[in-house]
Every structure is written in C-alpha cells, then in structure tokens.
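Secondary and tertiary structure notes
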Amino acid sequence: MTLALYNSLTRRKERFEPLDPNRVRMYVCGPTVYDRAHIGNGRAFVVFDVLYRLLRDLYGKDHVCYVRNITDVEDKINAAARANNEPISALTARTIAAFRDDMAALGALPPDIEPRATEHIAQMIAMIERLIAAGHAYEAERHVLFAVASDPHYGQLSRRSRDEMIAGARVEVAPYKRDPADFVLWKPSAPEEPGWDSPWGRGRPGWHIECSAMSEAHLGESFDIHGGGLDLIFPHHENEIAQSTCAHDGRPFVRYWVHNVFLSVDSTKMSKSLGNFLTVRELLDEAPGEAIRLALLSAHYRDPLDWSEERLRQARRSLDRFYRALTLSRDPVFERFGEAEDALRPVKEALCDDLNTPLALSRLHELVGAINRTSSDAVRSALQRALEEGGRLMGLLQQDPLAWLQGSARDEARRIEAQIALRMAARRERRFAEADKIRAALAAEGVVLEDRPDGSTNWWRRE
RNA sequence: GGCCGGAUGGCAGAGUGGUGAUGCAGAGGACUGCAAAUCCUCGUACAGCGGUUCGAUUCCGCUUCCGGCCUCCA
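Rules of the game
Residues numbered from 1 in each chain as written. Chains lettered and ligands numbered in written order. Predicted model: local features only at pLDDT ≥ 70, side-chain atom pairs only at ≥ 80, totals over all residues. Heavy atoms only, no water. Near = heavy atom within 4 Å. Polar contact = N/O pair within 3.5 Å; in protein donor to acceptor, adjacent residues only side chain to side chain. Helix = DSSP H or I, 4+ residues; strand = E, 2+ residues; numbered from the N terminus. Nonpolar A, V, L, I, M, F, W, Y, C, P; charged D, E, K, R; others polar. Pairing = 2+ DSSP bridges. Axes fitted to C-alpha atoms, helices over the stretch in contact; angles between N-to-C directions. Contact = heavy atoms within 4.5 Å. Parallel < 35°, antiparallel > 145°, perpendicular 65-115°, else oblique. Left-handed = near helix turned anticlockwise from the far one by under 90°. Buried < 20%, exposed > 50% of the residue type's maximum accessible area, 1.4 Å probe, protein only. pLDDT = per-residue confidence, 0-100. Phe/Tyr/Trp six-rings, centres within 6.5 Å; stacked < 30°, edge-to-face > 60°. Domains from an automatic or database assignment. Buried area = accessible area lost by both parts, 1.4 Å probe. Salt bridge = Lys/Arg side-chain N within 4 Å of Asp/Glu carboxyl O.

1. Describing the protein's contact with RNA strand B
Neighbouring residues of RNA strand B: 54 residues in total, closest Lys-76, Trp-207, Gly-229, Arg-317 and Asp-436. A breakdown of the atoms of RNA strand B within 4 Å of the protein gives sugar and phosphate a share of 64%. Taking Arg-321, its side chain carries an N or O atom lying 3.4 Å from a phosphate oxygen of RNA strand B. A distance of 2.6 Å separates a base nitrogen of RNA strand B from a polar side-chain atom of Arg-439. Elements with a minimum of two residues in the surface near RNA strand B: α1 (39-59), α5 (162-167), β9 (223-229), α10 (309-327), α13 (357-373), α16 (413-428), α17 (432-444) and β14 (447-451). Here the surface near RNA strand B takes eight residues from α13, the largest share from any one element. Class assignment for the residues of the surface near RNA strand B results in 17 nonpolar, 15 polar and 22 charged.

2. Comments concerning the sheet that holds strand β10 (residues 254-260)
With respect to topology, four strands assemble into an open sheet ordered β4-β3-β9-β10, the strand pairing being parallel. At either margin of the open sheet sits one strand with a lone partner, and together these are β4 (64-68) and β10. Sheet twist, expressed as the mean angle between neighbouring strand axes with direction ignored, is 20°. Note that strand β3 (residues 24-28) and β4 share five bridges and pair parallel. Residue Tyr-27 lies in a different strand from β4, and its bridge partner there is Val-67. Along the sheet, α1 makes contact with β3, β4, β9 and β10, crossing β3 at roughly 175°.

3. Quick look at the packing of α10 against α13
Relative to each other, α10 and α13 sit at 40°, their axes nearing to 10 Å. Between α10 and α13, the angle falls in the class oblique. Viewed along their axes, α10 and α13 form a crossing whose handedness is left-handed. Facing Ser-318, Arg-321, Phe-322 and Ala-325 of α10, the residues of α13 in contact are Leu-361, Leu-364, His-365, Val-368, Gly-369, Ile-371 and Asn-372.

4. Regarding unusual backbone geometry
Apart from glycine, the bulk of residues carry a negative phi angle, and the bulk of peptide bonds sit in the trans form. Geometrically, the link from Phe-234 to Pro-235 is a cis peptide bond, its omega value of 5° lying close to zero. With respect to the element layout, Pro-235 can be found in helix α7 (residues 233-247). Even without being glycine, Arg-11 reaches a positive phi, approximately 60°. Relative to the assigned elements, Arg-11 resides in the loop between β1 (4-7) and β2 (12-15). Since its relative accessible area comes to 40%, Arg-11 is described here as partly exposed. A positive phi angle is found at Glu-141, which is not glycine, with a value near 50°. One can find Glu-141 in the loop between β5 (137-140) and β6 (143-146). Of the residues examined, Glu-141 reaches a relative accessible area of 58% and is grouped as exposed.

5. Details of the confidence of the model for chain A
With 96% of its residues at a pLDDT of 70 or more, chain A shows a mean pLDDT of 92. Among the scores for the predicted complex, ipTM is 0.93 and pTM is 0.96.

6. With respect to the packing of aromatic side chains
Inspection of the entire model under this criterion finds eleven aromatic pairs. A ring pair is formed by Phe-16 and Tyr-256, whose centres lie 5.0 Å apart and whose planes are at 55°; its orientation type is tilted. Note that Phe-16 is positioned in the loop between β2 and β3 and Tyr-256 in strand β10, a separation of 240 residues in sequence. For the residue pair Phe-16 and Tyr-256, the accessibility class agrees, reading buried in each case. By way of ring pairs, the aromatic residues Tyr-27, Phe-223, Phe-253 and Trp-257 are connected into one cluster.

7. Digging into the domain arrangement of chain A
Taken as a whole, chain A is organised into domain 1 (16-264), domain 2 (309-399) and domain 3 (410-462). Each of domain 1 and domain 2 has a C-alpha centre, and the two are 37 Å apart. The interface is formed by seven residues belonging to domain 1 together with nine residues belonging to domain 2. Where domain 1 abuts domain 2, roughly 770 Å² becomes buried across the two surfaces, and 72% of that area is made up of carbon and sulfur atoms. Per-residue buried area on domain 1 facing domain 2 is highest for Val-50, Arg-53 and Leu-54; these three make up 60% of the total on that side. The interface formed by domain 1 and domain 2 includes one salt bridge.

Rendered as structure tokens:
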C-alpha cells in the first residue's frame, strides 16, 4: 500500500517515496516552552503522530526517525520568566514536563529524538558561519542577517515575491538591514538576557536557524518530511529552506512539506483575549484524552476544525460504540492464529490517502456494524482485530474496553456488582418493582445496566 | 490590498461526472418483564448564477459568504 501526502511545496497530493526506506526521516516543529499546550497545538501533534504511526506501520518500526524539537530559547520565554519572577531554566523544565504529560494523555508517541535549541547553539553558530562564508549572510551591528536577495529561490514555499512580503510594510525595517526582507540569524543579548559567546559577540540565535541546525544535526542535509502548522509556512519554513539550502550549496532540503490547518473554538479563532483559549490540560479535566484525540481526528487535517462541546460529546459516543463492540465474545482459535489484514485494509487505505482520518473513522464504524451483525465468532474476532489495529494506527482503542466503558465507576465495581446481584435475584423471583428500583438508583449515579440474553448483566458508566 | 483555503441533509463529516458514505440527533419497527445495547426501515444534502456535457454536487468561469496567512503563533 502506498502513501499519498499533500505537499505544500507543489500544492499537490503526491505519492510518498522516502529517500531511504530503511530510514524514513521526519522533522516536526515542536513547542516553544513558555506556556501550556493548547488544543490547537494538540491537533498538530496528534496529526503528525498519526503520520508517524502510519510510517512505522508501512516501513517498520525501526525504520522511521521522527524528530520534534523543543524551542527553549526565545524572547517570549524570557518575558514569561521575568513575569513569573523565576529562572528561565525552571520555566522551561516545568513547561517541557507539562508538555510531555499532555502529549502522552492525547496518546501521542514520544518522537525518536527531541532536540533542544539550547543544546545546539554550536551547530547554529557553525551554520551561520558557513552562510557568511558563502555570501548568504552578513554581520551588521552585532547582528547577523540572512541576505534574502542572495537566494534566488526565496519565496518558493509561500509563493510570495519579495515585494509582496514587504508590501504589508509590517516587516521590521531595521537600519542595519541591507534589505527589509532580511531576517535575523543571530542577535546580541543584553547582560540580563540569555546569551552565548560567538564570533559576533555574546548573543542568541534568531528563531529560524535552530530548526535548520537541528534537522541537519539529526537527519542530515536532505530528509523526507517536514511538518508543522499552516502558519509556519511563512516566514518560518520559508526561512528554513533558505538557510538550509544555502548552507548546503543548494542541495535539496525537504521533499514533502506537510502543514495542518487551524482549529477554531465555537467558530471563532482561539485567542487569549477572547477567553476561548483552551489548554489541553483544561480539556483533560473534562474528558478522557482519548476522546479529545478522536475529536481532533474527526476532521481532515487540511480542513479547519471547529472545536465544540458537541464534537467532544460525539467523540465519546463513538468510543462507546467502538469499545462496546470489542467486548463481544471472541473465537479463541482466531485469537491465536487469525489474520485480519483484509478487514483492516479499508481503514489503512483511508489513512494512506493523505491521512484521511474522518474516512478511516467511518470505516471503523463500518467494522462495528459488521461485528454487531455477524453470528460467527470467528468472523467477529477477525473484525474486532481489524478494529483494534485500525484504532492503533490512529492511536485509539488501545485500552481495556471495560476500563473505557466503566470509567471512574470502576473504583466502585464491587458495590455496583453487589447491587446487580441483588437485582438479579429480584428478577429471578419476578419482583420487578424491586429490580427496577435498583436499576433506577444506579442510573441516578450514571451507571447503565444491560441485561444480556444469557442472563448476565453488563454495566457501564454513561457520562 | 496580495496570497491561500472552504461552502454537502438538524449536526459532524467523507466521496463521486450517471447507483449506498459513515456517525450523532429524530421517526417507525424487531428484541426486552421494563430497560439498555443491537439489528431493520426512513429522511427528495450537495451556497447562487452561467458554461462544458447525453448527464454535474463532482469539471470551468463568475458572484456571495466564511476562514487563514502576509507580525509571535500549531
């Protein structure tokens, strides 16, 4: 099965062919660690997590290298640390730990390498020196700037001419710039700002150079996929291309650029000033991470996604349905020896078509319908396996179905099951009023009972 | 102003030049002591206007509306 990805560089869906199928390389722009991740960050990292999982499935677990950086030097970090009156290192350490917790809760696998900008200053300085030597950068008033005019291909990703970039007149026009479009590779630090010694004095890197230096350090000059949010196309990724190709004598940088579209909240752009800024942490207090993840995957990554309570509610219902199907009885022979490739194929095909997660989810639902309809344990087992594996490709359905279905009420399983036993006895003696009273009492605390044809009773939590 | 995306039934959301998406919600039925779950059946959906075509929701053009980027941003 072949993977097709929409490439922002060519504006077309293309067949994915890695440079080296034994080492498929992907770089994704990671977080700037000054604040908790919001749900929009969550979308981006969940999307690339699905791509990572799919690549691992297609090329083998040990043949994919996923690098996601951590930006731990940046002026917003300095400002936040100052506002909190704490050392920068304390802020970044705390934020990184929180970020990892949030990603784990959303079911995102850790990347293979998580490089930190502050640990790659030497590589950045070396790359800047190469750019100066090659005539693509220049020093001016203790700054080093990239000379945009020296790169004839500048603008290829965002499809902007230099005039268009300047037309907005919002580019900072510093007196030391040769060209208003030139951007900073290195800038001086005041004594209280973080800084490193360099040939241009004590200073710190500009934003864009870190990704060029870290991708080169960990993935080499040319690699397969570079991902990030749509907003990064300009200027960040445009500048990365300029830095990397110019530092590498024009050799190709990235083959497939993949960008996810934004998330809005109740049809409005998420912003702190509007008060609709949702952090992953806040959402995790309201809903299981898996439901949040499914909600994030319920729209295609290149379409806008409008976050709402209703979407989250529907995601929970979908998981109820999936997990319920996984509790139905199985065939032990199939469980040991069976294969579910045929039933899994439609799911995988949807994902291979530019990560069509909504279509893949609908195909999981079709599997559920078939599971519920069949009377054959062997057939059901195969379909259940396909459901689990399709879920795994999307980072879903990996927990014990009862853990999902019973949720927090599991802590009280003994008490609930004792009530169920009492009710069962009442039913047996046709004291239905009494049985219904027990059902109603449990229902009042959100526990739903389901009497099976074989006389047993299942229960779960309805939230 | 420049560049780039969208517009599908009550909601979410795929897809396609001519037949069914899928889920949620709703209606009816089966099953059940009652439920729940499940299954079956149902809904004259493709923003508007032109064009191409035997035929367009799908291709082309225009219009309207919505969103994003151009400044830190996933």
